Amino acid sequence: MTLHEAAKYARLGLSGNPTATELMWLPDDCYETRTEFGERLIAIRSTFLSASRVRDAYLGYASRQFRKLESRGDGSFSADTRRRTAKHARHLARLVHQGRLLYATGVLEIRLADPEWFRAFGERVAGGEVDDARALLAEAERDFDRIRSPLPDRPDEAAVERWLLDVRAAHLPPELRPR
């Protein structure tokens, strides 16, 4: 479990942070508790999105995962390092897939249609096929360049701020609440 003050969470979401964004797009059965403000947050989740921030965040994070993979050498790792390498490769592939889809459609896919492909990709890269990860990342960059995103140029910061102010006002002591 991760707890963030609402403003910090809003800043992460507005920046396109994949982890923060994902939390607003979870399938209904993944939420253990749903509050009024949580429902409202889910209802405005698309206002956090913008084409440039989705591209920068997802490609940027995937590129960092790739650098971790690339710095590990020729694939002759210990079993523990190989497991971490496979995990980084799966994470890179998932970020690329989710970022492309979000950028192209405005919808974030959480449950992957073919999770076995991602496992196999991770094992291949951990087995030394780092060029597969390099090619996937290069293909994603080309896709982001050629796709015209339906996402706006900027997120709707005013909508997010209204939500944030309502959250804060609701948690003020009664005598300090606006009338």
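Residues numbered from 1 in each chain as written. Predicted model: local features only at pLDDT ≥ 70, side-chain atom pairs only at ≥ 80, totals over all residues. Heavy atoms only, no water.

Now for the overall build of the chain. When you go through the chain residue by residue, the secondary structure sums to eight helices and zero strands. For the chain, the succession of helices and strands along the chain, N to C, is α-α-α-α-α-α-α-α. Over its C-alpha atoms, taken along the principal directions, the chain stretches across nearly 65 × 35 × 25 Å. Buried residues in the chain amount to 41% of all 179 residues. The contacts in the chain between residues at least 6 apart in sequence include a share of 76% that link residues at least 24 apart. The chain carries 30 positive and 28 negative side-chain charges, and their two centres are separated by 3 Å. (Helix = DSSP H or I, 4+ residues; strand = E, 2+ residues; numbered from the N terminus. Buried < 20%, exposed > 50% of the residue type's maximum accessible area, 1.4 Å probe, protein only. Contact = heavy atoms within 4.5 Å. Lys, Arg positive; Asp, Glu negative; His and termini not counted. Charge placed at Lys NZ, Arg CZ, Asp CG, Glu CD.)

The geometry of helix α3 (residues 36–43) relative to helix α8 (residues 157–170) is characterised by a closest axis approach of 11 Å and an angle of 175° between their N-to-C directions. Here α8 runs roughly antiparallel to α3, going by the angle between their axes. Touching F37, R40 and L41 of α3 are W163, D166, V167 and A170, all from α8. When the residues that make up the contact of α3 with α8 are grouped by side-chain class, the tally is five nonpolar, no polar and two charged. (Axes fitted to C-alpha atoms, helices over the stretch in contact; angles between N-to-C directions. Parallel < 35°, antiparallel > 145°, perpendicular 65-115°, else oblique. Nonpolar A, V, L, I, M, F, W, Y, C, P; charged D, E, K, R; others polar.)

Turning next to the pattern of salt bridges. All chains considered together, the criterion is met by 16 salt bridges. Between R34 and E39 there is a salt bridge whose closest N-O contact spans 2.5 Å. D132 is paired through a salt bridge with R124; the nearest N and O atoms lie 2.7 Å apart. On the basis of relative accessibility, which here comes to 26%, the residue D132 falls in the partly exposed class. Where salt bridges share partners, they join R100, E139, D143 and R146 into one cluster. (Salt bridge = Lys/Arg side-chain N within 4 Å of Asp/Glu carboxyl O.)

A few words now on the environment of C30. Along the chain, C30 turns up in the loop between α2 (18–24) and α3. Classification of C30 by relative accessible area gives partly exposed; the value is 36%. Placed 21 residues apart in sequence, C30 and Y9 show a C-alpha to C-alpha distance of 19 Å.

Right, let's talk about the side chain of R100 for a bit. Within the secondary structure, R100 sits in helix α5 (residues 79–105). Exposure remark for R100: the relative accessible area of 18% places this residue in the buried category. Side-chain polar atoms of R100 contact the side chain of D143, separated by 2.9 Å. Leave out the neighbours within four places in its chain, and R100 touches L136, E139, A140, D143 and F144. (Polar contact = N/O pair within 3.5 Å; in protein donor to acceptor, adjacent residues only side chain to side chain.)

Below, the discussion takes up the confidence of the model for the chain. Mean pLDDT over the chain stands at 90; residues scoring 70 or higher make up 92%. Averaged pLDDT values over the elements of the chain bottom out at 90 in α5 and peak at 96 in α3. (pLDDT = per-residue confidence, 0-100.)

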